[in-house]
Amino acid sequence: NGLPDGCTYVNVKDSMDLSKDAYNVGTKVATIGYPNPTNIQDFNSEKGIKPVFASSRINKEDEVYRFAFDAISAGGASGSPIFNQRGFLIGVLNSGIRTQPMTYGIKSKYIKEILDKYNSK
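Numbering of residues starts from 1 in every chain and runs along the sequence as written. Confidence filtering applies because this is a predicted model: local features only for residues at pLDDT of at least 70, side-chain atom pairs given and counted only at 80 or more, and all residues used for totals across whole chains, interfaces and linings. Excluding hydrogens and water, the side-chain values take into account all heavy atoms of the structure.

**Some words on the overall build of the protein chain**
- Of the regular secondary structure elements, the protein chain holds two helices and six strands.
- Moving toward the C terminus, one meets the helices and strands of the protein chain in the order β-α-β-β-β-β-β-α.
- Only protein chains enter the accessibility calculation, which uses a 1.4 Å probe. A residue is then buried if its area is under 20% of the maximum for its type, exposed if over 50%, and partly exposed in between. Per-residue burial for the protein chain yields a buried fraction of 32% across its 121 residues.
- Pairs at least 24 apart in sequence give 58% of the contacts found in the protein chain among residues at least 6 apart. Numbering of helices and strands runs from the N terminus; a helix is a DSSP stretch of H or I covering at least four residues, while a strand is a stretch of E covering at least two. Residues are treated as being in contact if the distance between any of their heavy atoms lies within 4.5 Å.

**Description of the pattern of salt bridges**
- Salt bridges are identified by distance alone: a Lys or Arg side-chain nitrogen within 4 Å of an Asp or Glu carboxyl oxygen. Considering all chains together, one arrives at two salt bridges under this definition.
- Here D17 and R86 are joined by a salt bridge, their closest N and O atoms 3.9 Å apart. Of this pair, D17 sits in the segment before β1 (28-33) while R86 sits in the loop between β4 (81-84) and β5 (89-97), and the two are 69 residues apart along the sequence.
- For D116, the salt bridge identified is with K112, shortest N-O distance 2.6 Å. Placement of the pair is D116 and K112 together in helix α2 (residues 108-119), with a separation of four residues, close to one helical turn.
- Given the relative accessible area of 29%, K112 is considered partly exposed.

What follows is the structure in structure tokens.
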């Protein structure tokens, strides 16, 4: 029926950066999500569960479908959006290496292909 007061959504169709240049090494990116709260959240806090924000840079475009950036992710953060400096969605977080600042995201081009296929049915 709608989003809670004060919340906004990402219009995926109009706000994806699908260019190859979106994944240049050194590009600043940011991700926000609600990782597994038992790892980093305080359940006894009066403020409740809070989103976690991470800002970093792309450090490796190593695969066809995904890219890497230098942030540590927490369990449960998979599916969090990854934005560039202009606020465009460039990927979705899908994995990380807990002992290193290395997190991986699926490129938005492939997210769009999945959404287009799903929406065409």
